[in-house]
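Now for the letters of each chain:
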Amino acid sequence: DDSLGWGCNAMALRMGKSFGDDDFPLAVTANLNINYRAPLPEETDSVIRVYYDKAEGRKIFLNARMESYDGSILYSEATVLYITIPLERLKQAQVESDAQ
């Protein structure tokens, strides 16, 4: 989950945006699916590649692969669905929390 979130943030930064901007709201994980493909021995170097799939309304779909540096071994694959949270909703929740 953290690696996919980092990947999503890295993609946003490449577009000159950051989470919380008016046109790039914060997002939360709605679904995370991981398929393990090969054992990952302790002390093994690996790389995680995160790919943007699509966006539908407030939904953002990503997928990822954990593999050896040369790509010859696939350790795991993952898909994730993030749901964006409108900034107004976050502000409202904070006001309600502060009032309690």
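Reading the values: rules and limits
- Residues numbered from 1 in each chain as written.
- Predicted model: local features only at pLDDT ≥ 70, side-chain atom pairs only at ≥ 80, totals over all residues.
- Heavy atoms only, no water.
- Phe/Tyr/Trp six-rings, centres within 6.5 Å; stacked < 30°, edge-to-face > 60°.
- Lys NZ or Arg CZ within 6 Å of the ring centre and 35° of its normal.
- Helix = DSSP H or I, 4+ residues; strand = E, 2+ residues; numbered from the N terminus.
- Contact = heavy atoms within 4.5 Å.
- Core = buried A, V, L, I, M, F, W, Y, C linked by side-chain atoms within 4.5 Å.
- Buried < 20%, exposed > 50% of the residue type's maximum accessible area, 1.4 Å probe, protein only.
- 1 Å grid on protein atoms, 1.4 Å probe; cavity = no way out; pocket = protein on both sides within 12 Å on 5 of 7 lines; lining within 4 Å.
- Points joined across faces, edges and corners; volume = space filled by probe spheres on them.
- Nonpolar A, V, L, I, M, F, W, Y, C, P; charged D, E, K, R; others polar.
- Pairing = 2+ DSSP bridges.
- Salt bridge = Lys/Arg side-chain N within 4 Å of Asp/Glu carboxyl O.

Section: the packing of aromatic side chains
Here comes step 1: Taken as a whole and judged by the stated rule, the model has zero aromatic pairs.
Here comes step 2: The cationic tip of K54 hangs over the ring face of F61; the distance from NZ or CZ to the ring centre is 5.0 Å.

Quick notes on the side chain of E67
Here comes step 1: With respect to the element layout, E67 can be found in strand β3 (residues 59-67).
Here comes step 2: Beyond its immediate stretch of four places on either side in the chain, E67 contacts S46, V47, R49, I73, L74 and Y75.

Overview of the nonpolar core
Here comes step 1: L4, C8, V50, I60, L62, A64, A78, V80 and Y82 together form the largest nonpolar core, which totals nine residues.
Here comes step 2: For this core, the secondary structure elements donating two or more residues are α1 (2-14), β3 and β4 (74-85).

Quick look at the layout of surface pockets
Here comes step 1: There is about 180 Å³ of room inside the second largest pocket.
Here comes step 2: As for the second largest pocket, its lining consists of 13 residues, and the residues nearest its centre are S3, I48, M66, S76 and A78.
Here comes step 3: In terms of residue class, the lining of the second largest pocket is made up of eight nonpolar, two polar and three charged.

Some points on the pairing of strand β2 (residues 47-56)
Here comes step 1: Sheet topology places β2 next to β3; nine bridges connect them, and they run antiparallel. Looking across to β3, one finds that R49 is bridged to R65.
Here comes step 2: Between the antiparallel neighbours β2 and β3 lie two residues, among them G57 with a positive phi of about 60°.

Quick word on the pattern of salt bridges
Here comes step 1: All told, the structure shown has five salt bridges when counted by the stated rule.
Here comes step 2: Its salt-bridge partner being R37, residue E77 comes within 2.9 Å of it at the nearest N-O pair. Of the two residues, E77 sits in strand β4 while R37 sits in the loop between β1 (26-36) and β2, which places them 40 residues apart along the sequence.
Here comes step 3: Between R65 and E77 there is a salt bridge whose closest N-O contact spans 3.7 Å. Remark: E77 occurs in strand β4 and R65 occurs in strand β3; sequence separation between them is 12 residues.

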